[in-house]
Amino acid sequence: MWHTESMHRLTLGDFELSVFSDGTYPLDGGAFFGVIPKVMWSKKVAADERNYVTAGLNSLLIRTGKQMVLVETGMGNKLSDRMKKFYAQPAKLLENLSAAGVAPEDIDIVINSHLHFDHCGWNTVRDKNGKIVPTFPRAKYFAPEGEWQYARKPSDRDSISYIPENYDPLVASGQMRLLKGGEEIVPGISVKTFRGHTASMQGIIVRGSQNPHPVPAKTAGTRVGHPLDSSYVPTACYISDLMPTTTHIDLTWGMGFDLYPLDTIESKREYYARALPEQWLTVFTHDPKVPWAYIEKYESGKMVAKEVA
Ligand SMILES: [Zn+2]
């Protein structure tokens, strides 16, 4: 278990990226791996006697040089007693940010990929009087509009996943802006809808340099996206619950929670069509050990996650 950021920090072009954890929590292995048989997933991930596996809660902090942008805010500290029984409510994010010298007031922008309780929990906190207030007082918050519309009237299947206190007060006050998908929020940081886990979940795409890297002419002409190609732009994507851990990178290894499992497969295919040739760094929201990796595809079709050295 790790709770410090020192191990998970890298430079992406002009940006600095760090991963901060809100802690880890137990999750039913069957639900985590959907239709994949346990004899297959249990070779890769250990389950306890109750069939629980350990899931992480990874937020991504991007320092652009002008702003501090926080992608995802974990599970937070407002779970009901019933939900605490299942998820224990680790609530480590603010401590971990603080240990790295980052105060809530330092955050300029917060982006939620979707509005499930384990992705936007620290958006708000209760103050001394029990009033819901923004955790990051100066921040502009962003979330997918379709997700918010859905969250107001979720299905019986997933209504437990939505806690309106995490976003409704922010929308009401105008501090949260709702996104259609495709917007650039600040130069280099944009969102893109990947349907599957929910209808409107968005990945957060970070292009760490606004200018292609200058390279000597004789090395140009290699394949597009190769670091030696003149059009190479270092890129990362917080792909959220489209592939929550490195164990979910295979096209067919989706979660049981996905509302549109066939669309999960198509969205992964669409993601890989760019992310593989352009060598994007993929950031994993629920991986307790490997928060980011470069995904490669072998000739056999097998997908592998290469950890960042
Ligand atoms: Zn989710």
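Predicted model only: the values in this text are computed from it and were never measured.

(A) Broad picture of the overall build of the protein chain. When helices and strands are tallied, the protein chain shows 7 helices and 16 strands. What you see for the protein chain is a C-alpha radius of gyration of 19 Å, in line with the 19 Å of a compact globule of 309 residues. Considering only C-alpha atoms, the protein chain reaches an extent of 65 × 50 × 35 Å along its principal axes. Looking at the 309 residues of the protein chain, the share that counts as buried comes to 52%. In the protein chain, once contacts between residues fewer than 6 apart in sequence are set aside, the share between residues at least 24 apart is 67%.

(B) Spotlight on the side chain of Thr198. As for its position among the elements, Thr198 is in the loop between β11 (189–193) and β12 (202–207). Exposure remark for Thr198: the relative accessible area of 1% places this residue in the buried category. At a separation of 3.1 Å, a polar atom in the side chain of Thr198 contacts the main-chain amide nitrogen of Met201. Excluding residues within four positions of it along the chain, Thr198 makes contact with His114, His116, Glu147, Tyr162, Leu259 and Tyr260.

(C) View of the side chain of Glu147. Residue placement: Glu147 occurs in helix α5 (residues 145–152). Buried charge without a partner: Glu147 forms no salt bridge, and the closest opposite charge is Arg195, 9.8 Å away.

(D) The arrangement of the coordination of the zinc ion in detail. Here the zinc ion is held by the protein donor atoms His114 (NE2), His116 (ND1), His197 (NE2) and Asp241 (OD), which lie 2.1 to 2.3 Å from it. Each of the 4 donor atoms bound to the zinc ion contributes to angles spanning 85 to 175°, and the resulting shape is irregular. Here the donor residues of the zinc ion are spaced in sequence according to H-x1-H-x80-H-x43-D. Taken as a pair, His116 in the loop between β5 (109–111) and β6 (124–126) and Asp241 in the loop between β13 (235–238) and α7 (261–275) lie far apart in primary sequence, 125 residues in all.

(E) Layout of the packing of aromatic side chains. Under the counting rule described, the total for this entry stands at 10 aromatic pairs. Between Phe194 and Tyr271, the aromatic rings sit 5.9 Å apart at their centres with planes inclined by 85°, giving edge-to-face as the arrangement. With Phe194 in the loop between β11 and β12 and Tyr271 in helix α7, this pair connects stretches of sequence that are 77 residues apart. Like Phe194, the residue Tyr271 is buried in the burial classification. In textbook terms, an aromatic cluster arises when at least three aromatic residues are bridged by ring pairs, as seen for Tyr25, Phe86, Tyr87 and Phe117.

(F) Layout of the sheet that holds strand β10 (residues 184–186). Here 7 strands make up an open sheet; going across it, the order is β10-β11-β12-β13-β14-β15-β16 and the pairing mixed. A single partner strand is all that each edge strand has here, and the edge strands are β10 and β16 (303–307). On average, each strand axis in the sheet is inclined to that of its neighbour by 30°, with strand direction left out of account. With 3 bridges joining them, strand β14 (residues 281–283) and strand β15 (residues 292–297) adopt antiparallel strand pairing. When the sheet's bridge partners are listed, Thr282 is paired in β15 with Ala293. On top of the sheet, α7 reaches β11, β12, β13, β14, β15 and β16; it is set at about 145° to β14, its chief contact.

(G) How the structure looks around the nonpolar core. Ile107, Phe136 and Tyr167 are the most contacted members of the largest nonpolar core, which has 25 residues in total. Listed by contribution, the elements that provide at least two residues to this core are β4 (68–71), α4 (93–99), β8 (140–144), α5 and α6 (168–173). Ignoring any residue separated from it by four or fewer positions in sequence, one finds Tyr167 in contact with Leu115, Cys120, Trp148, Ala151, Tyr162 and Met176. Leu60, Ile204, Ala236 and Leu281 belong to the second-largest nonpolar core, a separate cluster that totals 24 residues.

(H) Looking closely at α7. The first and last C-alpha atoms of α7 sit 21 Å apart over 15 residues, in line with the 21 Å expected at 1.5 Å per residue. All of the buried residues along α7 are Thr264, Ser267, Lys268, Tyr271, Tyr272 and Ala275. The buried residues of α7 occupy an angular sector of 140° when projected down its axis, which confines them to one face. Exposed and facing more than 90 degrees away from the buried side of α7 are Leu262 and Ala273. Where the residues of α7 are buried, they touch β13, β14, β15 and β16.

(I) Looking closely at the state of the cysteines. In total, this model carries 0 disulfides according to the counting rule given. In this model Cys120 remains outside any disulfide bridge; the closest cysteine sulfur is found in Cys237, 19 Å from its own. The buried category is assigned to Cys120, whose relative accessible area is 0%.

(J) Spatial organisation of α5. Buried residues of α5: Glu147, Trp148 and Ala151, and no others. Taken down its axis, α5 places every buried residue within 100° of arc, on the same side. Packed against the buried residues of α5 are β8, α6 and β9 (176–179).

Scoring rules and cut-offs
Residues numbered from 1 in each chain as written. Predicted model: local features only at pLDDT ≥ 70, side-chain atom pairs only at ≥ 80, totals over all residues. Heavy atoms only, no water. Helix = DSSP H or I, 4+ residues; strand = E, 2+ residues; numbered from the N terminus. Rg over C-alpha atoms; globule rule 2.2 N^0.38 Å. Buried < 20%, exposed > 50% of the residue type's maximum accessible area, 1.4 Å probe, protein only. Contact = heavy atoms within 4.5 Å. Polar contact = N/O pair within 3.5 Å; in protein donor to acceptor, adjacent residues only side chain to side chain. Lys, Arg positive; Asp, Glu negative; His and termini not counted. Salt bridge = Lys/Arg side-chain N within 4 Å of Asp/Glu carboxyl O. Donors = N, O, S within 2.8 Å, 3.2 Å for Na, K, Ca; no water. Tetrahedral: all angles 85-135°; square planar, octahedral: opposite > 155°, others 65-115°. Phe/Tyr/Trp six-rings, centres within 6.5 Å; stacked < 30°, edge-to-face > 60°. Pairing = 2+ DSSP bridges. Axes fitted to C-alpha atoms, helices over the stretch in contact; angles between N-to-C directions. Core = buried A, V, L, I, M, F, W, Y, C linked by side-chain atoms within 4.5 Å. Expected span 1.5 Å × (residues − 1). Arc of directions from axis to C-beta. Disulfide = S-S within 2.5 Å.

Functional significance is not addressed by these values, which are geometric in nature.
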